[in-house]
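# Understanding the architecture of this molecule
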Amino acid sequence: MTITPLRHDWMQTNSWTEPEWTVAELVAAKRGRTVSVVLPALNEEDSVAGVLDTIRPLTAGLVDELIVLDSGSEDRTADVARAAGATVFSREEALPDLDPLPGKGEALWRGVAASTGDIIVFIDSDLIEPDPMFVPRLLGPLLTSRGIHLVKGFYRRPLLDGGAEHFHGGGRVTELVARPMLTALRPELSAVFQPLGGEYAGTRELLESVPFAPGYGVEIGLLLDTYHQWGIDAIAQVNLGVRKHRNRPLTDLGFMSRQILATMLERVGVTDSGVGLTQYLPAGESFSSVTSTVALQDRPPLVRLAHELHDRGKMRA
Ligand SMILES: O=c1ccn([C@@H]2O[C@H](COP(=O)(O)OP(=O)(O)O)[C@@H](O)[C@H]2O)c(=O)[nH]1
Ligand SMILES: O=C(O)[C@@H](COP(=O)(O)O)O[C@H]1O[C@H](CO)[C@@H](O)[C@H](O)[C@H]1O
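In the nomenclature of an unreviewed UniProt entry, the chain corresponds to Glucosyl-3-phosphoglycerate synthase from the organism Hoyosella altamirensis. Per UniProt, the comment on the chain under Sequence similarities (unreviewed entry) is "Belongs to the glycosyltransferase 2 family."

Ligand 2 sits among 18 residues. The nearest are D124, R157, R172, T174 and R243. In this structure, an oxygen atom belonging to ligand 2 sits 2.7 Å away from a side-chain N or O atom of R157. Here an oxygen atom of ligand 2 sits 2.9 Å away from a polar atom, N or O, in the side chain of H245. Here ligand 2 has 500 Å² of accessible area as a free molecule, and 97% of this is covered by the chains. Breaking the shell around ligand 2 down by element, the ones donating at least two residues are helix 8 (172–185) and helix 11 (250–267). Its residues placed into classes, the shell around ligand 2 shows six nonpolar, six polar and six charged.

The next thing to look at is the UniProt feature "domain: Glycosyltransferase 2-like" (unreviewed entry) in the chain. Mapped onto the present numbering, the UniProt feature "domain: Glycosyltransferase 2-like" (unreviewed entry) falls at residues 36–143. End C-alpha atoms of residues 36–143 are separated by 13 Å, and the span's content is 37% helix alongside 20% strand.

Lining the immediate environment of ligand 1, one finds 16 residues, of which E44, S71, Y216, R246 and R248 sit closest. Note that an oxygen atom of ligand 1 is positioned 2.6 Å from one of the side-chain N or O atoms of E44. Protein contacts shield 92% of the accessible area of ligand 1, which totals 520 Å² for the unbound molecule. Elements supplying a minimum of two residues to the shell around ligand 1: strand 2 (35–41) and helix 6 (104–114).

Our next topic: the packing of aromatic side chains. Inspection of every chain in the model, using the stated rule, returns four aromatic pairs. The residue whose ring lies beneath K152 is Y200, and the NZ or CZ to ring-centre distance is 4.1 Å. Lying over the aromatic face of F167, R156 brings its terminal NZ or CZ to 3.8 Å of the ring centre.

The description of two helices packed together rests on the angle between their axes and the distance between the axes. Interhelical geometry of helix 10 (residues 218–230) versus helix 11 gives an angle of 15 degrees and a closest axis separation of 9 Å. Taken as axis vectors, helix 10 and helix 11 run roughly parallel relative to one another. Taken as a pair, helix 10 and helix 11 cross one another with a handedness that is right-handed. Between helix 10 and helix 11, the residues in contact are I220, G221, L224, D225 and H228 and I260, T263, M264 and R267, respectively. Broken down by class, the residue content of the contact of helix 10 with helix 11 amounts to four nonpolar, three polar and two charged.

Turning next to the nonpolar core. Core analysis: the largest hydrophobic core is formed by 43 residues, its most contacted members being F122, L189, L207, F212, I220 and L223. Put simply, the parts of the chain that give this core at least two residues each are strand 3 (65–70), helix 6, strand 5 (119–122), helix 8, helix 9 (204–207), helix 10, helix 11 and helix 12 (302–316). When residues of this core are assigned to their parent elements, the largest contribution, six residues, is made by helix 10. Contact partners of L223, with chain neighbours within four places excluded, come to L150, L182, L189, V192, P195 and I235.

Every other side chain in a regular strand lies on the same face of the sheet, so the side chains alternate between the two faces. Pairing analysis gives six bridges linking strand 13 (residues 278–283) to strand 14 (residues 286–291), with the strands arranged antiparallel. Across the sheet, A283 pairs through a bridge with S286, a residue of strand 14. Turn length for the strand 13-strand 14 hairpin, with the two strands adjacent in sequence and antiparallel, is two residues, and the turn residue G284 shows positive phi of about 65 degrees.

The next thing to look at is unusual backbone geometry. With a phi close to 50 degrees, R31 is a non-glycine residue in the positive phi region. Among the structural elements, R31 can be located in the loop between helix 2 (23–29) and strand 2. We classify R31 as exposed; its relative accessible area is 64%. Within the chain, N43 stands out as a residue other than glycine whose phi angle is a positive 55 degrees. Tracing the backbone through its elements, the reader meets N43 in the loop between strand 2 and helix 3 (48–55).

Thresholds, definitions, all that
Residues numbered from 1 in each chain as written. Chains lettered and ligands numbered in written order. Predicted model: local features only at pLDDT ≥ 70, side-chain atom pairs only at ≥ 80, totals over all residues. Heavy atoms only, no water. UniProt positions renumbered as here; feature names shortened; annotations may be inferred. Near = heavy atom within 4 Å. Polar contact = N/O pair within 3.5 Å; in protein donor to acceptor, adjacent residues only side chain to side chain. Areas by Shrake-Rupley, 256 points an atom, 1.4 Å probe, with all protein chains shown as cover. Helix = DSSP H or I, 4+ residues; strand = E, 2+ residues; numbered from the N terminus. Nonpolar A, V, L, I, M, F, W, Y, C, P; charged D, E, K, R; others polar. Phe/Tyr/Trp six-rings, centres within 6.5 Å; stacked < 30°, edge-to-face > 60°. Lys NZ or Arg CZ within 6 Å of the ring centre and 35° of its normal. Axes fitted to C-alpha atoms, helices over the stretch in contact; angles between N-to-C directions. Parallel < 35°, antiparallel > 145°, perpendicular 65-115°, else oblique. Left-handed = near helix turned anticlockwise from the far one by under 90°. Contact = heavy atoms within 4.5 Å. Core = buried A, V, L, I, M, F, W, Y, C linked by side-chain atoms within 4.5 Å. Buried < 20%, exposed > 50% of the residue type's maximum accessible area, 1.4 Å probe, protein only. Pairing = 2+ DSSP bridges.

Below, the structure written as structure tokens:
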């Protein structure tokens, strides 16, 4: 694939820094299209209701379906989400014929399968005080422009460190891994402000036609697949303001980075060792090591899965 430099006109045509759409305008722009909002949730009993509270008022017209895809929670996430007005699917309920795999990519893939909307909006469940305009703004380009299939949110990302809130500094894997790697390998995508952000929307046509990378590789996989198969002009981004969420410790982000790198390398045709990441943590005067596995197997495009399950059923018959 030829390396295409950044096209500045993309920033003029496909990047909204001051989105002005009103909910009423967006409802009018639906023109028969339906909208599903899907929240992936793993053990989010403390935050999922607060996120749903900012979206539920939109179900009177803009949002047709509000789903929480329970990613194998062991707390009260499902009960809390139902009480907050969401339709909750377990991974098994979303796709009964297939044993679930762990990870966020699996949750989102099954969220596409469980939902029915022509447009699907993904919102993380660990957000803190999300702006109620997150969903409308993500829908803006999809409902009012032609040819756009993926809309990424961007935002200022405070970093919550212990009791302190730093004005900037969130998106650590974005700044240290994803953005440098995209600049090196696919510079046209270096204009995407938040390539890993968990708030984005896509057409069902796109989301059923691409594979879903495992775990935390899902966002970078979807971005690269959309770019490779549909082109930069199918991608847009919208300013959502400020995004605060649970900031995981650096060790967790090391494992997240390993998975993201595995997906990026696969998407650009570089062979990954497949070796899990080992981290060395101080233990007294010495160090202890912790190793995580890395997953390399995508889930297939859902449009293809139907055929595979049908053929498997035929084989069993
Ligand atoms: O196996 C997983 C891991 C994460 N998540 C959800 O995906 C979102 C983002 O995950 P996380 O907060 O761990 O990532 P971060 O935002 O810290 O990068 C959250 O709503 C999680 O509950 C999930 O559904 N299944
Ligand atoms: O953007 C990032 O660097 C990471 C970590 O964010 P923080 O440093 O904890 O603010 O968070 C994102 O990455 C994950 C992997 O793509 C997504 O699943 C999350 O939704 C997103 O928050």
